[in-house]
Amino acid sequence: MIQPEEAVFKYPELFHGQNQIRYFDFSRIEIYDNDGYYSTGICSLCEHWGTDYYVFSDIGSVKDFEDELSTADLPSQERENIVHDFNLTRLKIRENNPRAEERVKILISDCEELNIYCATPYLMLGIHLANKKNYSDAYRTFNKIVENYQNDPRGWRGLGGVLFYLRRYEEATQAFDKAIVLTEAISKLKDSDKYFHLKLSIFHETRHLHYLDIIKLNKAASFFRMGKPKDALIIYEEVYQSKLTNNNLHPELFIGLSDCFEALEYFENQETILWEGIYHFPGNCRLHIELGQLYFKFAALDSALFHYQFVIDREYLDLEAYSEFLLLAKLNGSLSIFYKYVDQAFTIESANERDYYYLGHIWFMVGEKKLAKQYYRKSKKFDKPYSKIWKQLLR
């Protein structure tokens, strides 16, 4: 049996400090586990040990559902059956089962037939649709939730998230504001008043208060996308001070602060906050990429290349990162590094317009202009992202 102090993890950021931060970020799950078994295993393990476990897009808490069922007059066997169905449906969603959406709709239908008035299955459906990037249906689902459960902050925070992805940032900030106000207000109510206040929607502040800072971060991100970095920075700094006091930091907070400092041209502050983020989360690839981009801005090519190579050597299979890394190597005259890694880039499976766009970059750097044009044509409909390295080079 390997002692914990002797264990060497390929992706230490998944384990480092998790007992403090209590978050697992599966937004780039393909880096760790293409089939999702890792995330499903972690979720099951946390539930088995009865630990508090929070994810950025909660697919519905069993405890919430059981609490909502407690308001319905159901025989014990029927209650057990529907809780069992709920758990199976959650599992199907986590496993990305193709029938997951059908299963959750059946669960909703069963609840309606039994006159069970609860928001959790609808929330599950909305988040599942959003995770599948079906934002139009997700929007309709969350809109229905906030109409029927106006005082439940879960629906408002879900609606805000969908509006964010639909680029309706001003409306998103309004939805996040509603979620924040409700969460803070309900947490101050007496237990005997909570049920009445929510009008048949159960809410446990001890669980959902953990989402309060996440909602604030989402609101800050919306402000940033609206071109209001000063407003965003105020929120990020407020959350940062709160998290720092509680020793409960998260990489996304450092990324948000970095983006605001960059937009406001506070570059020394940006460098400081990124190094602080790396101190807390040494294996986080996005922090290293942001720092590499900052160093490139000031022509510190060796430093920029160092941080990008750190990321690439951790098998960060992202063609945007590869294209920027290879460009840095070429500009720095590090041709041995360029030719060593360019072949690796071509082994990365590409199946969408974003990948084709960056493959075009890489083929162009190799000197294959015809191939570069072919891949650029394949990416015509791709909404070109803000690639900091390439944009700075064009300047």
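Residues numbered from 1 in each chain as written. Predicted model: local features only at pLDDT ≥ 70, side-chain atom pairs only at ≥ 80, totals over all residues. Heavy atoms only, no water.

A. Representation of the nonpolar core within the structure. Tyr-236, Leu-253, Leu-257, Phe-325, Leu-326 and Ile-362 are the most contacted members of the largest nonpolar core, which has 58 residues in total. Per element, the largest residue contribution to this core is eight residues, and it comes from helix α19 (residues 319-331). Filtering out sequence-adjacent residues up to four positions away, Phe-325 remains in contact with Leu-305, Tyr-308, Gln-309, Ile-312, Ile-337 and Tyr-341. Membership of the second largest hydrophobic core comes to 45 residues, among which are Ala-100, Met-124, Phe-142 and Ile-215. (Core = buried A, V, L, I, M, F, W, Y, C linked by side-chain atoms within 4.5 Å. Buried < 20%, exposed > 50% of the residue type's maximum accessible area, 1.4 Å probe, protein only. Helix = DSSP H or I, 4+ residues; strand = E, 2+ residues; numbered from the N terminus. Contact = heavy atoms within 4.5 Å.)

B. Molecular detail of the pattern of salt bridges. Summed over all chains, the structure comprises 16 salt bridges. Here Glu-101 ties to Lys-105 by a salt bridge, and the two come within 3.0 Å at their closest N and O atoms. Residue Glu-101 and its partner Lys-105 are both found in helix α6 (residues 100-113); the two are separated by four residues, about one turn of the helix. Among the ionic pairs, Glu-171 bridges to Arg-168, the shortest N-O distance being 2.9 Å. Under the relative-accessibility criterion, Arg-168 is labelled partly exposed at 29%. Each of the salt bridges in this network shares a partner with another, and the network as a whole consists of Asp-64, Glu-68, Asp-152 and Arg-154. (Salt bridge = Lys/Arg side-chain N within 4 Å of Asp/Glu carboxyl O.)

C. Summary view of the packing of aromatic side chains. For the structure on display, the rule yields 15 aromatic pairs. Pairing Phe-164 with Tyr-169 gives two aromatic rings, centres 5.3 Å apart and planes at 65 degrees, and the pair type is edge-to-face. Both residues of the pair, Phe-164 and Tyr-169, belong to the buried class. Note on Phe-325 and Tyr-341: the rings are 5.1 Å apart at their centroids and 85 degrees apart in plane angle, and the pair reads as edge-to-face. You can see Phe-325 sitting in helix α19 and its partner Tyr-341 sitting in helix α20 (residues 335-347), a full 16 residues away along the chain. Note on Phe-325: relative accessible area 0%, which makes it buried. (Phe/Tyr/Trp six-rings, centres within 6.5 Å; stacked < 30°, edge-to-face > 60°.)

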